[in-house]
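If you want the building blocks of each chain, they are given just below.
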Amino acid sequence: MDHNLSHSLHYGTWVFEGIRFYPTDNGPKIFRLKEHIDRLFYSASVLELEIPFTKKEIMQAHIDIVAKCWVEMWYLRPLVYYGTWKMWMNPDWAKVETVISAWNWGKYLADKPIDVKISKYKRMHPETADMNAKVSGWYYNNVLVSLEVKKEGFDEGLLLDYEGYIAEGPGENIFFIKDWKLFTPKTWRILPWITRATIIQIAKEKLNIDCEEIKILPENLADFNEAFFVGTAAEVTPIWSITYNWKKIVFKNTISNKIKDIYLNIVWGKDEKYNEWLS
């Protein structure tokens, strides 16, 4: 960062992506790079951050970084921000900076099914901001959830939306399973994650499981057989239990584990049908 009085540092006007790459048998491969960069540029447009590079140049920069990394490094974080001193709310002339970091990041959540608590904090109202963008400042909401549930001994939190329906985790989308069918919250109430779209597609193509977007009240959690989180960092993480008002609902993990195995085979380059997702 050029200056400690930059607009982004003070007002949270950063946009970012989280991207994984894996050491496959054919060398390190980045999973769904194009989709991540498309969303990075969309997020930047929401804050009028004019990225001084093309999508093709940004994608190539990620590929070049991976080529120079040790194969066990599994995470990329592109970040676009206003880097110059600009204390007015309108950052109209602030210089836009772009940086890409890479580091070794294994499992984001536990390898075993996890215990989740519904947080007292609500997901931001969908009309508060453009919820299709990954803007750093909005993650303050998610940080509060993580701080709350970790102090109480849970692995992860779960947010309700402004109407009291299930929304998402601090860094994950959520799915439920009942009678060989997936259910997940509606997109306009959540960030439509790239992994979420991946799971909907591969569940249909590999297991013939359809998915329906519905409103889910926490009081109805016991109606479902299974639950799991998905996200770039979390990958596919089965949920053992969800606690709401100190009542614990316990889930099975049979189909969730099948979906997890299918997903990991794809990202590790072991399913040629989906190699087009690997850069």
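Residues numbered from 1 in each chain as written. Predicted model: local features only at pLDDT ≥ 70, side-chain atom pairs only at ≥ 80, totals over all residues. Heavy atoms only, no water.

**Let's talk about the overall build of the chain**
When you go through the chain residue by residue, the secondary structure sums to six helices and 14 strands. Its C-alpha radius of gyration of 19 Å places the chain within 12% of the 19 Å reference for a compact globule of 279 residues. With respect to the principal axes defined by its C-alpha atoms, the chain has extents near 55 × 45 × 30 Å. Per-residue burial over the chain gives 51% buried out of 279 residues. In the chain, of all internal contacts separated by at least 6 residues, the share reaching a separation of at least 24 is 71%. Carbon together with sulfur atoms contributes 53% to the accessible area of the chain, which is approximately 13200 Å² in total. In the chain, the 35 positive side-chain charges and the 37 negative ones have mean positions that sit 3 Å from each other. (Helix = DSSP H or I, 4+ residues; strand = E, 2+ residues; numbered from the N terminus. Rg over C-alpha atoms; globule rule 2.2 N^0.38 Å. Buried < 20%, exposed > 50% of the residue type's maximum accessible area, 1.4 Å probe, protein only. Contact = heavy atoms within 4.5 Å. Areas by Shrake-Rupley, 256 points an atom, 1.4 Å probe, with all protein chains shown as cover. Lys, Arg positive; Asp, Glu negative; His and termini not counted. Charge placed at Lys NZ, Arg CZ, Asp CG, Glu CD.)

**Quick look at the pairing of strand 6 (residues 114-122)**
Inspection of the sheet shows strand 6 paired to strand 13 (residues 235-244) by four bridges, in the parallel sense. Bridge pairing in strand 13 places Ile114 opposite Ile239. The sheet contact formed by strand 6 and strand 7 (residues 156-160) spans four bridges and is parallel. Its bridge partner lying in strand 7, Lys122 is registered against Leu160. The parallel pair strand 6 and strand 7, bridged by helix 4 (residues 140-151), forms a crossover whose chirality is right-handed. (Pairing = 2+ DSSP bridges. Right-handed = clockwise from strand over helix to strand, strands pointing away.)

**Some remarks on the side chain of Arg123**
Mapped onto the elements, Arg123 comes out in the loop between strand 6 and helix 4. For Arg123, a relative accessible area of 9% gives the class buried. There is a polar contact of 2.3 Å between the side chain of Arg123 and the side chain of Glu168. Not counting the four nearest positions on each side in its chain, Arg123 is found in contact with Met131, Asn141, Leu159, Leu160, Asp161, Tyr162, Ala167, Glu168, Arg189, Ile190 and Leu191. (Polar contact = N/O pair within 3.5 Å; in protein donor to acceptor, adjacent residues only side chain to side chain.)

**Digging into unusual backbone geometry**
If a residue is not glycine, its phi is most likely negative; likewise, a peptide bond is most likely trans. A positive phi angle, near 55°, is found at Asn208, a position not held by glycine. Relative to the assigned elements, Asn208 resides in the loop between helix 5 (194-207) and strand 11 (211-213). For Asn208, a relative accessible area of 51% gives the class exposed.

**Side note on the environment of Gly269**
Topologically, Gly269 is positioned in the segment after helix 6 (254-267). The class of Gly269 is partly exposed, set by a relative accessible area of 25%. Along the primary structure Gly269 and Phe31 are separated by 238 residues, whereas in three dimensions their C-alpha atoms are 9.4 Å apart. Contact partners of Gly269, with chain neighbours within four places excluded, come to Thr24, Asn275 and Leu278.

**Quick notes on the pattern of salt bridges**
If you walk through the whole model with that rule in mind, you get 17 salt bridges. Here Arg39 makes a salt bridge to Glu17, at a shortest N to O gap of 2.8 Å. Residue Arg39 is found in helix 2 (residues 33-46), and its partner Glu17 is found in the loop between strand 1 (14-16) and strand 2 (19-24); the two are separated by 22 residues along the sequence. Residues Arg39 and Glu17 agree in their burial class; the two are buried. One salt bridge in this structure joins Glu163 and Lys215, with 3.8 Å as the shortest N-O distance. With Glu163 in the loop between strand 7 and strand 8 (166-168) and Lys215 in the loop between strand 11 and strand 12 (226-231), this pair connects stretches of sequence that are 52 residues apart. Counted as one network, the salt bridges with shared partners bring together Lys107, Asp111, Glu235 and Lys260. (Salt bridge = Lys/Arg side-chain N within 4 Å of Asp/Glu carboxyl O.)

**A few points about helix 3 (residues 55-68)**
Between the first and last C-alpha of helix 3 there are 20 Å, a value that for 14 residues agrees with the 20 Å anticipated at 1.5 Å per step. Those residues of helix 3 that fall on the buried side of the exposure criterion are Ile58, His62 and Val66. For helix 3, the buried positions fall inside an angular range of 80° around the axis, keeping them on one side. The outward face of helix 3, more than 90 degrees from its buried face, is lined by the exposed residues Lys56, Ala67 and Lys68. Buried residues along helix 3 sit against strand 2, strand 3 (27-30), helix 2, strand 4 (75-82) and strand 5 (96-103). (Expected span 1.5 Å × (residues − 1). Arc of directions from axis to C-beta.)

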